[in-house]
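Inside the fold
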Amino acid sequence: MKRKNKSFSTRVFTALGFGIALGLILNLAYGSDSEILTETSTWYNVIGVGYVRLLQMIVMPLVFISIVGAFAKLKLGNQLGKIAAIILAILIGTTAVAAAVGISSAALFDLNAEQIFSGEAEQSRGVAIEESSAEVADQTLPDQLLSLLPANPFLDLTGARPTSTIAVVIFAAFIGFAYLSVVRRSPETASVLKKGIDALYELVMGIVRIVLRLTPYGILAIMARTVATSNFEAIYTLGKFVLASYVALAVMFIIHLLILLISGVNPITYAKKASEALLFAFTSRSSAGTLPLNIHTQTHKLGVPEGIANFSGSFGLSIGQNGCAGIYPAMLAFMIAPTVGINPLDIGFILTVIGIVAISSFGVAGVGGGATFAAILVLSALDLPVALAGLLVSVEPLIDMGRTAVNVSGAMTAGVTTAKVTGELDESIYNQPQSEQTVESY
């Protein structure tokens, strides 16, 4: 298809279809619990998980050099404070809205943790979550804020902490400000530094292009394994929760479109151009792994300046994840509250949940497990039993796909809206039909 000049989107969606078909065939032929299928699926991970890890490999270098490069190209100017404030306000504000949406959906479908069957897998998962909660339950808001600062930037460049991405952003911003001071004091030295920054940026983007060419293969392998190992009986049993989750996620995506409409851009154009990045987020279940596609989509298809795109994409990995840190923990809180005698429809309880969700959305990792981390923080703050979060282990992967896509959409919405509000959005690129856009083909 590449040799026949088929578009990147066409190749990605074709791979998605092949992956689903292959997964269904394997599932029907062997069953999700088959030992043969379990052993075979590990080989699919070589391509699928391997591809996601290659994307994660370039996340930190990409975040770092892109933000430093934005300073070098003077694309942030004097609006840096305003840009960062708007992005953070949108990310955190939409997470609070997402919590309200999650509670509303849970109430609409009358969800209750007592209705869910607790088997061996669920109990085991609950014990593991309870053990994990001991490490994060006592984390206060000041502690969370301090965790964002890069005490050891070289450690954070390895992605060792949940907040490593934001720490790298802050470190890169300090280097950017230092560069601007060099520009004022010694233009000749600044010129040399800029050449080095530009060269390093091109090198990192070269790696990004190489890895993104593997996207169709990665998506095919990920979807084949996901569908092949899915327990459709468990999904059917917990179908009401799955349906309620996706209704809430769909409503949140519509809210993203409404935010774009209010800001003055065409939401349908956004939905079309963001589809590739959102599809990959859906299949990979990794907001961090989607970052390169997120930034590429914002800058090349939606007309967002590099500086704003990198800030929104990077902050969106650990702050204000609408799906994982907003909808999911709020729904769990609503479901679990009756088990300890709390009325989940009490207005005081609802407002408390929304407030805690918004505050706890700082530092949620943009990789697998981020939703669990967010749930532990919220449930612990509400003095609710965290072990009950393990009841949904059998449908966790299915729900996590939609959550991740909404996380990425929230970050992209923040970038586009901020660019529009600050007058930095290149609307000629945003409104240009995809078929006419001269973007790099992978």
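Keep in mind that this is a model prediction, so the values were computed, not measured. (Residues numbered from 1 in each chain as written. Predicted model: local features only at pLDDT ≥ 70, side-chain atom pairs only at ≥ 80, totals over all residues. Heavy atoms only, no water.)

1. Some points on unusual backbone geometry
In this structure, N5 takes a positive phi of about 60 degrees despite not being glycine. In this structure, N5 sits in the segment before α1 (8-30). One non-glycine residue with positive phi stands out, namely D110, at about 55 degrees. Relative to the elements of secondary structure, D110 occurs in the loop between α3 (80-108) and α4 (120-136). Given the relative accessible area of 52%, D110 is considered exposed. (Helix = DSSP H or I, 4+ residues; strand = E, 2+ residues; numbered from the N terminus. Buried < 20%, exposed > 50% of the residue type's maximum accessible area, 1.4 Å probe, protein only.)

2. Some thoughts on the side chain of S245
By the element assignment, S245 lies in helix α11 (residues 239-263). S245 gets classed as buried once you look at its relative accessible area, which sits at 2%. In this structure the side chain of S245 is engaged in a polar contact, spanning 2.9 Å, whose partner is the backbone oxygen of F241. Among all residues touching S245, those that are not within four sequence positions of it are M331 and I399. (Polar contact = N/O pair within 3.5 Å; in protein donor to acceptor, adjacent residues only side chain to side chain. Contact = heavy atoms within 4.5 Å.)

3. What to know about the UniProt feature "transmembrane region" (unreviewed entry) in the chain
Mapped onto this numbering, the UniProt entry annotates "transmembrane region" (unreviewed entry) at residues 12-30, 50-71, 83-109, 163-182, 203-223, 243-265, 349-367 and 373-393. The distance from the first to the last C-alpha atom of residues 203-223 is 31 Å, and the span holds 90% helix and 0% strand. The straight-line gap between the two end C-alpha atoms of residues 243-265 is 30 Å; of that span, 91% is helix and 0% is strand. (UniProt positions renumbered as here; feature names shortened; annotations may be inferred.)

4. Concerning the packing of helix α13 (residues 275-284) against helix α19 (residues 396-421)
With their axes 7 Å apart at the nearest point, α13 and α19 run at an angle of 145 degrees to one another. Crossing of α13 against α19: the hand is right-handed. Here α13 contributes A277, L278, A281, F282 and T283 to the contact with α19, which in turn contributes M401, G402, T404, A405, V408, S409 and M412. Counted by class, the contact of α13 with α19 contains eight nonpolar, four polar and no charged residues. (Axes fitted to C-alpha atoms, helices over the stretch in contact; angles between N-to-C directions. Left-handed = near helix turned anticlockwise from the far one by under 90°. Nonpolar A, V, L, I, M, F, W, Y, C, P; charged D, E, K, R; others polar.)

5. Let's talk about the nonpolar core
The biggest cluster of nonpolar side chains holds 73 residues, and the ones touching the most others in it are I87, Y270, V304, F315 and M412. At 13 residues, helix α2 (residues 35-72) tops the list of elements feeding residues into this core. Excluding residues within four positions of it along the chain, F315 makes contact with I87, L88, L91, I166 and V169. The next biggest cluster of nonpolar side chains, apart from the first, holds 43 residues, and it includes L332, I336, I354 and V378. (Core = buried A, V, L, I, M, F, W, Y, C linked by side-chain atoms within 4.5 Å.)

6. Re a nonpolar patch on the surface
A grouping of W43, V46, I47, L54, M57, L200, L203, I207, L214 and Y217 is seen on the molecular surface, where their side chains present a nonpolar patch of about 1000 Å² in accessible area. For the nonpolar patch, the elements supplying multiple residues, two or more each, are α2 and α8 (187-212). (Patch = residues over 30% accessible without salt bridge, like charges linked within 9 Å, V, L, I, M, F, W, Y side chains within 5 Å. Areas by Shrake-Rupley, 256 points an atom, 1.4 Å probe, with all protein chains shown as cover. Salt bridge = Lys/Arg side-chain N within 4 Å of Asp/Glu carboxyl O.)

7. Observations concerning α8
Look at α8: 37 Å from first C-alpha to last across 26 residues, which is about the 38 Å you get at 1.5 Å a residue. Along α8, the positions that sit buried rather than exposed are A190, I197, Y201, V204, M205, V208, V211 and L212. Tucked into the core, α8 has its buried residues touching α1, α2, α7 (164-185), α9 (215-228), α14 (291-301) and α15 (306-315). (Expected span 1.5 Å × (residues − 1).)

8. Comments concerning the packing of α9 against α13
The axes of two packed helices give the description: the angle between them and the distance between them. At a closest axis distance of 9 Å, the pairing of α9 and α13 adopts a crossing angle of 40 degrees. Compared by their axis directions, α9 and α13 come out oblique. Here α9 runs over α13; the crossing is left-handed. Only F280, T283 and S284 of α13 make contact with α9, whose side of the interface consists of T215, I219, I222 and M223. Looking at side-chain class alone, the contact of α9 with α13 contains four nonpolar, three polar and no charged residues. (Parallel < 35°, antiparallel > 145°, perpendicular 65-115°, else oblique.)

9. So, the confidence of the model for the chain
Overall, the predicted model of the chain reaches an average pLDDT of 83, with 85% of residues at or above 70. Per-residue pLDDT, averaged within each element of the chain, yields its smallest value for α4 (52) and its largest for helix α12 (residues 267-273) (94). (pLDDT = per-residue confidence, 0-100.)

10. Brief notes about the environment of T42
Of note, T42 is situated in helix α2. A relative accessible area of 42% means that T42 is categorised as partly exposed. As for T42 and R225, which are separated by 183 residues in sequence, their C-alpha atoms are 8.5 Å apart. A polar atom in the side chain of T42 sits 2.6 Å from the backbone oxygen of E39.

11. Focus on the pattern of salt bridges
Here the structure, examined in full by the defined rule, presents four salt bridges. The shortest N-O distance in the salt bridge between K301 and E276 comes to 3.2 Å. Here the residue K301 occupies a position in helix α14, and E276 occupies one in helix α13, the gap between them amounting to 25 residues. Overall, the relative accessible area of 7% leaves E276 in the buried class.

12. Here's the deal with the environment of T226
By the secondary structure assignment, T226 is in helix α9. Judged by its relative accessible area of 18%, T226 falls in the buried class. As a C-alpha pair, T226 and Y44 span 182 residues in sequence and 9.8 Å in three-dimensional space. One polar contact links the side chain of T226 to the main-chain carbonyl oxygen of I222, over a distance of 2.8 Å.

13. Notes on the side chain of S66
Along the polypeptide, S66 turns up in helix α2. What makes S66 buried here is its relative accessible area of 1%. For S66, the side chain forms a polar contact with the main-chain oxygen of L62, separated by 2.7 Å. Excluding anything up to four places from it in sequence, S66 contacts Y201 and N310.

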